[in-house]
Number of protein chains: 2
Amino acid sequence: MVGIKDVARQAGVSVGTVSNVINRPDLVAEETRTRVQSVIARLGYVRSESARQLRAGASRIMALLVLDMGNPFFVAVASGAERTARAAGLGVMVCNSAQSVSEEQEYLSLFAEQRVRGVLVTPADPTGRSLDGLRSQGIPFVLVDRVSADASVCSVSVDDVAGGRLAVQHLIAAGHRSIVYVGGPPEVTQVHDRKAGALAALAEAGLPADSLTEISAERLDVAAGRDAGSRLLGLGRRPTAVFCANDLLALGVLQAMFAARISVPDEMAIVGYDDIEFAAAAAVPLTSVRQPAVPMGRLAAEMLLEETVGDPAEHRHRQTVLQPELVVRGSSLPSR
Amino acid sequence: MVGIKDVARQAGVSVGTVSNVINRPDLVAEETRTRVQSVIARLGYVRSESARQLRAGASRIMALLVLDMGNPFFVAVASGAERTARAAGLGVMVCNSAQSVSEEQEYLSLFAEQRVRGVLVTPADPTGRSLDGLRSQGIPFVLVDRVSADASVCSVSVDDVAGGRLAVQHLIAAGHRSIVYVGGPPEVTQVHDRKAGALAALAEAGLPADSLTEISAERLDVAAGRDAGSRLLGLGRRPTAVFCANDLLALGVLQAMFAARISVPDEMAIVGYDDIEFAAAAAVPLTSVRQPAVPMGRLAAEMLLEETVGDPAEHRHRQTVLQPELVVRGSSLPSR
DNA sequence: GCGGATCGATGAAGCGATTCATTCGTTCGG
DNA sequence: CCGAACGAATGAATCGCTTCATCGATCCGC
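In this numbering scheme, every chain counts its residues from 1 along its sequence in written order. Here every chain gets a letter starting at A, and every ligand a number starting at 1, in the order they are written. Only residues with pLDDT of at least 70 are given local features in this predicted model, and only at 80 or more are side-chain atom pairs given and counted; all residues enter the totals for whole chains, interfaces and linings. Water and hydrogen atoms were dropped before computing side-chain values, which therefore reflect all heavy atoms in the structure.

Details of the environment of B:Ala301
All names here are of chain B. Mapped onto the elements, alanine 301 comes out in helix H12 (residues 293–309). Think of it in three bands: residues with accessible area under 20% of the maximum for their type are buried, residues over 50% are exposed, and the middle band is partly exposed, with areas taken using a 1.4 Å probe on protein chains only. By relative accessible area, which is 0% here, alanine 301 ends up buried. Between the alpha carbons of alanine 301 and lysine 195 there is a distance of 29 Å; along the sequence they are 106 residues apart. Setting aside residues no more than four positions away along its own chain, alanine 301 makes contact with Met62, Ala81, Thr84 and Leu120. The helix count covers DSSP runs of H or I at least four residues long, the strand count covers runs of E at least two residues long, and both are numbered beginning at the N terminus. Contacts were defined at the residue level, with two residues in contact if any of their heavy atoms lie within 4.5 Å.

Here you go:
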């Protein structure tokens, strides 16, 4: 493997000069520069990032750890973050904790070993303990789709309470009085907040809290939604509407309704959450609470860059909260 | 940042011993080992991967470069590859070329600088020139979802001609005689091969080649499919069936039919390709050609590991071709 | 013609780990 | 009782690069 020394020898200059040609070309005389550059091209020299890193003390990589790469919502977040990071000259390492605390732990220590520049993370561990490692290593991080309890952490999130309220306000307005909330593992903040919003909407409309029944799915994916859908049909008094903690669940519920020949929206209205691309293409186009996923990724990356590139003392941690938006489609509109 | 020297000093041993405690614990006396380990824990020491790498000459990362992270098919490939790589102790860096040759180029040089252990790649550049860089750097790579022209490259792919044939045989059997193929950029091999399979099916059935009209989409995503769908409706003689080069296109076409109030499958049958999870959850569940995406990722990673871990001289390059499978659903079944 | 400024290039000192030849004690066999 | 053998720890060399103090050469002004 050809190194900087080989280039230096071939070009008849010192290694320092080769380094300057690469990193600060204006310090090198025209003639020398072109000579070195042509040797670099001829030998196919590629500088070793690890050696650079070792010297520099930090890598040029930003890590992104998401809960579920199978969820297009996170793919969208990733694309927003990636674009921003790459524009700043950083590579992005996207990893998937698959909602597992142990996978998350493994990835976080991998990141620490890599001395990544910073981490964007949607924590799987509800205790927040998993991030202590990063903190003690002094690796900056930004929470994505989560707000932190303490103000010493940057975060970008969407107002899930507002989103849940939007969804249920809409269902109430359409006349529904018996609604099921399909949630996920209760320790996931989103699941909790969206329900809180739903309850708030009921309260504001003067409806009793028991108008909302909760069904808890094992995981937040389509298969779990299918399962929740069939459990829902087993309920004593069948509800007329379902609000799901995300679109994957909603699509699963929709499939279950389809299989049981229950008409959506006439016999069962469905509202999802995230407004992933596939929501609009679903069996019945899905009403959903849209989250600004791409901007979220972008903002998170920007905050991290600010913390990491600028003067750290000058950085002010902040918690950005974005607003969701209801997108009404066929799954909740009474057919004419 | 605490380094190995700090640990050594605190534990009253040499750096070499600390290194041994970490990498070859059995070489170190019990008592010393535990002492060092406790100091490591106390100081929160994390070894620097870049220093290791510099010494070792190669990193512990496998790169995966896919065409479109928005396509769940590639997400599935990634998950297969990731599981395998991590089981072998390698990290995975998943990147998205978004079908752009220049992005691809950028990522490949990033990989070269990182001295990644190997690369799994679905090339965006149809000339295959983009991989010359890897070759000349001696970085092993495996083509995913592509077969290479020359036998000196490992690849894992699915028989796209067979897949196209399956799809169109099915449509012919259902009585369709005027079929549209929604393809993508013609230089994409998959798009070409699936069409070739379609034509083969026509020929085998004794039908004229002009039973198949091609509409070429700009890109292989839902929006392009929507667009292709409306163009399709503008054709002089409206076809009775569409075969799409992938499911995203098919979902887009489906949306266009929906918008134009054209019944699927009665007025228009649709067959997609990939059988992504969302195909089954679509407006009308989508008939699709299933590709074994997860096994493809797994196999590709295994081949790369074989090439990279074992004795390179001993490695035999091979081209694995998997078989697709037709999954029939509502979008191509005449309703009763 | 000489001191000082300027420009280009040099070469050595690290960055943080791994590795291996070496050293230092102990123990054991003869 | 001595040398060999062995176990445990050492410490220096090394990986490839960046950086910075330094050095040489050229040029300018007085």
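Let's pick the thread back up.
Comments concerning the protein's contact with DNA strand D
A:Ile4, A:Tyr45, A:Arg55, B:Ser14 and B:Thr32 are the nearest of the 22 residues found near DNA strand D. Proximity is defined per residue: if any heavy atom of the residue lies within 4 Å of a molecule or strand, that residue is considered near it. Taking the atoms of DNA strand D that fall within 4 Å of the protein, sugar and phosphate contribute 70% of them. Elements represented by at least two residues in the surface near DNA strand D include exactly helix H2 (15–23) and helix H4 (49–56) of chain A together with helix H2 (15–23) and helix H4 (49–56) of chain B. Note that Gly is not counted as nonpolar here; it falls among the polar residues with everything else outside the nonpolar set of Ala, Val, Leu, Ile, Met, Phe, Trp, Tyr, Cys and Pro and the charged set of Asp, Glu, Lys and Arg. For the surface near DNA strand D, the per-class residue count stands at seven nonpolar, 10 polar and five charged.

Quick notes on the relation of the copies chain B and chain A
We place the copies in one frame by least squares, fitting the C-alpha atoms of every residue whose pLDDT is at least 70 in both. For these two chains of identical sequence, chain B goes onto chain A by a turn of 180 degrees and a shift of 0.0 Å along the axis, with RMSD 0.1 Å. Viewed as a symmetry operation, the transformation between the two copies matches a two-fold axis. The C-alpha atom lying nearest the rotation axis in chain B is that of B:Ala283; the distance is 1.4 Å. Here 98% of the interface residues in chain B have copies in chain A that are interface residues too; the copies meet face to matching face.

Observations regarding the packing of aromatic side chains
Pairing of aromatic rings covers Phe, Tyr and the six-membered ring of Trp, with a centre-to-centre limit of 6.5 Å; geometry is then stacked below 30 degrees between planes, edge-to-face above 60, and tilted otherwise. As enumerated under the stated definition, the model contains nine aromatic pairs over all chains in all. Ring geometry for A:Phe278 versus B:Phe278: centroids 4.1 Å apart, planes at 5 degrees, classification stacked. Here B:Phe278 lies in the loop between strand E9 (269–274) and strand E10 (287–290) and A:Phe278 lies in the loop between strand E9 (269–274) and strand E10 (287–290), a pairing that spans two chains. For the pair A:Phe278 and B:Phe278, one class covers both residues: buried. Aromatic pair B:Phe243 and B:Tyr273: ring centres 6.3 Å apart, planes at 40 degrees, arrangement tilted. In this pair, B:Phe243 sits in strand E8 (residues 241–244) while B:Tyr273 sits in strand E9, placing the two residues 30 residues apart along the sequence. Each member of the pair, B:Phe243 as well as B:Tyr273, is classed as buried. One aromatic cluster is present, formed by A:Tyr181, A:Phe243 and A:Tyr273 through successive ring pairs. Its end group placed over the ring of A:Tyr273, A:Arg194 keeps NZ or CZ at 3.7 Å from the ring centre. For a lysine, the NZ atom is tested; for an arginine, the CZ atom; a charge sits over a ring if that atom is within 6 Å of the ring centre and within 35 degrees of the ring normal.

A few points about the pattern of salt bridges
Where charged atoms of side chains with opposite charge meet at close range, the side chains can pair. All names here are of chain A. Salt bridge, as used here: a side-chain nitrogen of Lys or Arg that lies within 4 Å of a carboxyl oxygen of Asp or Glu. If you walk through the whole model with that rule in mind, you get 32 salt bridges over all chains. With its nearest N and O atoms 3.8 Å apart, the salt bridge here joins arginine 9 to aspartate 6. Residue arginine 9 and its partner aspartate 6 are located together in helix H1 (residues 4–11), separated by three residues, close to a single helical turn. Accessibility expressed as a relative area gives 26% for aspartate 6, which makes it partly exposed. Three or more residues are tied together by salt bridges with common partners; here these are Arg129, Asp132 and Arg135.

Overview of the sheet that holds strand E6 (residues 179–183) of chain B
Residue and element names in this part refer to chain B. One open sheet holds the six strands; their spatial order is E7-E6-E8-E9-E10-E12, and the pairing between them is mixed. Both outer strands of the open sheet, strand E7 (212–216) and strand E12 (325–327), are each paired with one neighbouring strand and no more. When the angles between neighbouring strand axes are averaged without regard to direction, this sheet yields 20 degrees. Pairing of E8 with E9 involves three bridges; the strand directions are parallel. Bridge pairing in E9 places alanine 241 opposite alanine 269. Inter-axis angles, ranging from 0 to 180 degrees, are taken between N-to-C directions of lines fitted to C-alpha atoms, where helices are fitted over the stretch in contact. This element, helix H10 (residues 222–233), spans E6, E7 and E8 of the sheet and lies at about 135 degrees to E7. In short, DSSP must find at least two bridges between two strands for them to pair.

Quick look at the domain arrangement of chain A
All names here are of chain A. For every domain, the bounds stem from an assignment made automatically or drawn from a database. Once the domains are mapped, chain A shows domain 1 (4–47), domain 2 (58–158 + 293–322) and domain 3 (160–291 + 326–332). Distance from the C-alpha centre of domain 2 to the C-alpha centre of domain 3: 29 Å. If you look at the interface, domain 2 gives 12 residues, while domain 3 gives 13 residues. Across the interface of domain 2 and domain 3, roughly 1,100 Å² is buried in total on both sides, 47% from carbon and sulfur atoms. Between N or O atoms, a polar contact is any pair within 3.5 Å; within protein, one atom must be a potential hydrogen donor and the other a potential acceptor, and residues adjacent in sequence are included only when both atoms are from side chains. In this assembly, domain 2 and domain 3 are joined by four residue pairs in polar contact (both at pLDDT 80 or more). When two parts are put together, the accessible area they lose, computed with a 1.4 Å probe and summed over both, is reported as buried area.

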